[in-house]
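Below are the chains, spelled out letter by letter.
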Amino acid sequence: MTRYVIGRILQAIAVLWAAYTVAFAVLYLLPSNPVELQLAAAGVDPGSLPPGQLHAEEAKFGLDQPLIVQYFDHLGGFLHGNLGTSITQDIPVTQVIGNRIGSTLLLSLVAGVVALIAGTTLAYLATYVGVKPLRLFLSRLPAFGASLPAFLTGLLLIQFLSFKLDWLPASGQQGWQSLVMPAITISLITGSVLAQVLMRSFEEVMRQPYIITARAKGLSRGAVQLKHGLRNAALPAMTILGVIAGLTVTSSVVVETEFTRQGVGSLTQQAVSTQDIPVVLAIVMLAATLFVVINLIVDLLYPILDPRISHYPKAA
Amino acid sequence: MTVDISGASDESAVLSALPPLQRPDEVRASRHVESGRYGNLRAGLAQLARKPIFIIALLYVLFVIVSAIFPSWFSTGQPYATFPTDVMQPPSLHHLFGTDEIGRDLWTRVLYGSALTIKATITAVAIGLVAGLSFGVVSGFYGGWVDALIMRIVDTLLAIPALLFALAIITSVGYGTIPVALAVGLGVIPGFARTTRAEVLRVKTQPFVEAARASGASWMRVLVRHILPNSWGPVAVLAVLDAGVVIIAIASLSFLGFGAPPPASEWGTLISDGRDFLVTSWWLSLLPGLFVAVLVLSLNHISKTLQELER
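Reading the values: rules and limits
Within each chain, residues carry numbers counting from 1 in the order of the written sequence. Think of it this way: whatever chain is written first is A, whatever ligand is written first is 1, and the rest follow in order. Local features in a predicted model are, by the rule used here, given only for residues with pLDDT of at least 70; side-chain atom pairs are given and counted only at 80 or more, and totals for whole chains, interfaces and linings are based on all residues. Only hydrogens and water are set aside when side-chain values are computed; all heavy atoms of the structure are taken into account. Only DSSP runs of H or I with at least four residues qualify as helices, and only runs of E with at least two residues qualify as strands; both kinds are numbered from the N terminus onward. Partly exposed residues are those whose accessible area sits between 20% and 50% of the maximum for their type, while under 20% is buried and over 50% is exposed, using a 1.4 Å probe and protein chains only. In this description, accessible areas are obtained by the Shrake-Rupley approach with a 1.4 Å probe, and a residue is regarded as covered only by the protein chains that are shown. Two residues form a contact once any of their heavy atoms are found within 4.5 Å. Any carboxyl oxygen of Asp or Glu within 4 Å of a side-chain nitrogen of Lys or Arg constitutes a salt bridge here. Only the stretch in contact is used when fitting a helix axis, every axis being a line fitted to C-alpha atoms; angles between N-to-C directions are given from 0 to 180 degrees. Relative orientations are named as follows: roughly parallel for angles under 35 degrees, roughly antiparallel for angles over 145 degrees, roughly perpendicular for angles from 65 to 115 degrees, and oblique for any other angle. Each crossing gets its hand from how the near helix is turned against the far one by less than a right angle, where anticlockwise is left-handed and clockwise is right-handed. Buried area, as used here, totals the accessible surface that two parts lose on assembly, with accessibility defined by a 1.4 Å probe and the loss added over both. As used in this structure description, the phrase polar contact means that two N or O atoms lie within 3.5 Å; if the pair is within protein, one of them must be able to donate a hydrogen and the other to accept it, and residues adjacent in sequence are counted only when both atoms belong to side chains. Classification convention: Asp, Glu, Lys, Arg as charged; Ala, Val, Leu, Ile, Met, Phe, Trp, Tyr, Cys, Pro as nonpolar; all other residues, Gly among them, as polar. Like charges within 9 Å and nonpolar side chains (Val, Leu, Ile, Met, Phe, Trp, Tyr) within 5 Å are joined into patches, using only residues over 30% in relative accessible area that form no salt bridge. His is not counted, nor are the chain ends; Lys and Arg add positive charge and Asp and Glu add negative charge. Charge coordinates come from a single atom per side chain, which is NZ of Lys, CZ of Arg, CG of Asp or CD of Glu. In a helix, the anticipated span is given by 1.5 Å times the number of residues less one. Among buried residues, those of type Ala, Val, Leu, Ile, Met, Phe, Trp, Tyr and Cys that are joined through side-chain atoms within 4.5 Å constitute a nonpolar core. In this scheme Phe, Tyr and Trp rings, the latter by its six-membered ring, pair at centre separations within 6.5 Å, and the angle between planes marks the pair as stacked below 30 degrees, edge-to-face above 60, and tilted otherwise.

**Student:** Sorry if this is basic, but what is going on with the overall build of chain B here?
**Tutor:** The helix and strand tally for chain B stands at 12 helices and zero strands. Counting helices and strands in the order they occur from the N terminus, chain B gives α-α-α-α-α-α-α-α-α-α-α-α. Buried residues in chain B amount to 46% of all 311 residues. Approximately 15,500 Å² of chain B is accessible, and the part contributed by carbon and sulfur atoms is 67%.

Right, dumping it as structure tokens:
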């Protein structure tokens, strides 16, 4: 067991290091000079500056160093919690992200809870309902929800709930009202994905002999599905928690931009459009870490929650 | 036994030659087996023709592709032509999707925007398909350390959410239709590689592969003639499904402002531009948005139907 835990942790660290290397390669190897772009954006022709000044600007962000030195500098910094300096704002990246992350965390949590409740309820109902057309309708809903683009859902909500009915604010982040529409937009996607996996899992579980035993004891169908079905069906669904977290992060980029919220998602959009490379690198690594850590926790918990599976799972 | 193959009576001739226990529909069933892969294909197509929603979805996808190549077939106007007297008109027979703030016909702009978005989608799916298929085949076929290495790379790429990976690439390469297509295409490689690998591993252990090897076929021949034709099914289903995912990603990126520069009318750009007028002119954003959503839904439905057919 200890060997399994240590092995999984080492594997997670290796994946994170590799993800850092890939992200660094994409952002620093490809042709672009962020300092020159900054100067151009400020209306200064980089060619007109004395070469010394350009060099000094580059040195401030370590861009004059050979790539391999920059790579290890950044990697060392990341390990010490120093994510570099934002090129556009000239303050530490940790501070830039720290100012914004609260809003995104709150939104993600609310969206996560909504997705969990709605997705589970839908999957439960689609399995429980006996009327065939209704059952078919419910089981097709998640595929529909998952294929609606986030920008369209958000626009439809704004159009009806803000402009037509005037119930909710169309933008900003004051009060709980401003959370409703962004949270629905994100959870429509994540909840649909969750419901799809849960439905497939329910289908499998409800055929098991212990379900028939529970029914034979005299429990009602609903109670069997809730007590014996849901618990077992939820286990395979846990393996997609990492994917759901990733989807939440990516949809928050669109949703926060759409609802003009000041979060990490809209920060991503701004950082990409101003080519603030250290900020983009930090956000990519934040998302990768979230994905890897969630998968690690699920992998470590799985043998405890489901003792049937071996502690030394076969290589997938 | 001689059978008259020219006349219409051949079926009855065969029937009379058969033992009386076999009914006509059984004869037909056994013919499908005899005619092999193409017989199955024909049976599958017949099954699909009976699914009305599938047909509608397929027709819509074909319409979008054709209108992307020949937009002038479906619209008489020009995408940048303005109608100064028809500014901000709601949808009507004259302007199917209405007009925008300077009087451009939105329907025409959506169709001309299709060209950009469909080109980007096809490029992205092609990148994912070709690279993913190659990696998957090499990984599943050779096994060993090559497999281990490729799968670790795939794990790594899966750890970075695809849209963020695309955004990172756009940060260094710049904006435009082609960078967006490239960025999204790279992001779908891992999925294709995984599916292909799993299929190749499954097919590799089948008896007919062993039989082909035993009868002297080279590994290369086995791979091309026996493994690939039998493993492309799920990969094709994934390609259709991923086309939908790719369209959402491309439209999202142009919605965020990283697509082709104005006045080009990529779908995401149209939707994003229309947001400023949402209060008064809802059609500017919502109609192009629905156009995209219906396309993605159609692709998902096609992929799901094909998947059910394969089982």
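**Student:** What's the story with the overall build of chain A in this structure? I'm lost.
**Tutor:** Assigned secondary structure in chain A consists of 13 helices and zero strands. Counting from the amino terminus, chain A carries its helices and strands in the arrangement α-α-α-α-α-α-α-α-α-α-α-α-α. Residues classed as buried in chain A amount to 46% of the 316 residues present. Look at the contacts in chain A between residues 6 or more apart in sequence, and 74% of them connect residues 24 or more apart. For chain A, the exposed surface amounts to about 15,800 Å²; the carbon and sulfur share of it is 68%.

**Student:** Which parts of the structure should I look at to understand unusual backbone geometry?
**Tutor:** When glycine is set aside, most residues are seen to have a negative phi, and most peptide bonds are trans. All names here are of chain A. Of note, Thr260 is a non-glycine position whose phi angle comes to about 40°, a positive value. Backbone geometry places Gln275, a non-glycine residue, at a positive phi of 50°. With respect to the element layout, Gln275 can be found in the loop between α12 (264–273) and α13 (277–305). Overall, the relative accessible area of 13% leaves Gln275 in the buried class.

**Student:** What exactly am I supposed to notice about the pattern of salt bridges here?
**Tutor:** All told, the structure shown has seven salt bridges over all chains when counted by the stated rule. In this structure, the salt-bridge partner of A:Arg8 is A:Asp299, at a minimum N-O distance of 2.6 Å. Of this pair, A:Arg8 sits in helix α1 (residues 2–29) while A:Asp299 sits in helix α13, placing them 291 residues apart in sequence. According to the relative accessible area criterion, A:Arg8 is buried, its value standing at 13%. Among the ionic pairs, B:Glu199 bridges to B:Arg202, the shortest N-O distance being 2.8 Å. Residue B:Glu199 and its partner B:Arg202 are both found in helix α8 (residues 177–204); the two are separated by three residues, about one turn of the helix. On the basis of relative accessibility, which here comes to 12%, the residue B:Glu199 falls in the buried class.

**Student:** Would you mind going over the environment of B:Thr117 with me for this structure?
**Tutor:** All names here are of chain B. Along the chain, Thr117 turns up in helix α5 (residues 106–142). Relative accessible area serves as the criterion here: at 1%, Thr117 is assigned to the buried category. Here the alpha-carbon distance between Thr117 and Thr177, two residues 60 residues apart in the chain, equals 7.6 Å. Setting aside chain neighbours within four positions, we find Thr117 in contact with Ile250, Glu266 and Trp267.

**Student:** Is there a simple way to explain the packing of helix α6 (residues 132–146) of chain A against helix α8 (residues 177–205) of chain A in this structure?
**Tutor:** Geometry of a packed helix pair, given as the angle between the helix axes and the separation of the axes. All names here are of chain A. Interhelical geometry of α6 versus α8 gives an angle of 140° and a closest axis separation of 8 Å. The angle between α6 and α8 falls in the class oblique. Relative to α8, the crossing made by α6 is left-handed. Together, Leu138, Ser139, Pro142, Ala143, Gly145 and Ala146 of α6 and Leu188, Ser192, Ala195, Gln196 and Met199 of α8 make up the contact between the two elements.

**Student:** Honestly, the interface of chain B and chain A in this entry has me stumped. Any pointers?
**Tutor:** One frequently used descriptor of interface size is the decrease in accessible area upon assembly of the parts. Contact residues are listed per partner, giving 41 residues for chain B and 43 residues for chain A. Buried surface at the junction of chain B and chain A, summed over both partners, amounts to about 3,700 Å²; 77% is from carbon and sulfur atoms. Its largest share of buried area at the contact with chain A, chain B owes to B:Leu164, B:Thr171 and B:Ser172, together 17% of the area lost on that side. For the pair chain B and chain A, the interface holds one salt bridge. Ionic pairing is found between A:Arg140 and B:Glu308, a salt bridge with its closest N-O pair at 3.9 Å. At the junction of chain B with chain A, the criterion picks out four residue pairs in polar contact (both at pLDDT 80 or more). Residue composition of the side of chain B that touches chain A, by class: 28 nonpolar, eight polar and five charged.

**Student:** I keep staring at a positive patch on the surface and nothing clicks. Help me out?
**Tutor:** A surface patch of positive charge is lined by A:Lys132, A:Arg135, A:Arg215 and A:Arg221. Within the secondary structure, A:Arg215 is located in helix α9 (residues 209–216).

**Student:** Explain the environment of A:Gln95 to me, please; I cannot follow it from the model alone.
**Tutor:** Positionally, A:Gln95 belongs in helix α5 (residues 93–128). Sequence-wise, A:Gln95 and A:Leu83 are 12 residues apart; in three dimensions their C-alpha atoms are separated by 9.5 Å.

**Student:** Please explain helix α4 (residues 52–69) of chain B as it appears in this structure.
**Tutor:** Side chains that are three or four residues apart share a direction in an α-helix, a result of its 3.6 residues per turn. Relative to the 26 Å expected for 18 residues at 1.5 Å per residue, α4(B) spans 26 Å between its end C-alpha atoms, a close match to the ideal helical length. Within α4(B), the full set of buried residues consists of B:Phe54, B:Ala57, B:Tyr60, B:Val61, B:Val64, B:Ser67 and B:Ala68.

**Student:** Whenever I open this one, the nonpolar core confuses me. Can you help?
**Tutor:** Buried together is how nonpolar side chains tend to be arranged in soluble globular proteins. The biggest cluster of nonpolar side chains holds 116 residues, and the ones touching the most others in it are A:Tyr20, A:Leu281, B:Val184, B:Leu253, B:Trp267, B:Phe291 and B:Leu295. When residues of this core are assigned to their parent elements, the largest contribution, 13 residues, is made by α13(A). With sequence-adjacent residues up to four places away left out, B:Leu253 is seen in contact with B:Leu163, B:Ala166, B:Leu167, B:Ile170, B:Val180, B:Val184, B:Phe258 and B:Gly259. The next biggest cluster of nonpolar side chains, apart from the first, holds 21 residues, and it includes A:Ala126, A:Leu138, A:Val197 and A:Ile211.

**Student:** How should I be thinking about the side chain of B:Ser114 in this particular structure?
**Tutor:** Summarising the element assignment, B:Ser114 is placed in helix α5. Not counting chain neighbours up to four residues away, the residues in contact with B:Ser114 comprise B:Ser67, B:Ala68, B:Lys119, B:Trp267 and B:Phe291.

**Student:** Can you help me understand the packing of aromatic side chains in this one?
**Tutor:** Any two aromatic rings considered together are summarised by their centre-to-centre distance and by the angle between their planes. Under the counting rule described, the total for this entry stands at 17 aromatic pairs over all chains. Between A:Tyr71 and A:Phe72 the ring centres are 5.0 Å apart and the planes differ by 80°, which places this aromatic pair in the edge-to-face class. With 5.6 Å between their ring centres and 75° between their planes, B:Trp267 and B:Phe291 make a pair best called edge-to-face. Linking B:Trp267 in helix α11 (residues 267–274) with B:Phe291 in helix α12 (residues 283–310), this pair joins segments that are 24 residues apart in sequence. Just as B:Trp267 is buried, B:Phe291 falls in that class too.

The quantities given are spatial measurements derived from coordinates; they are silent on function.
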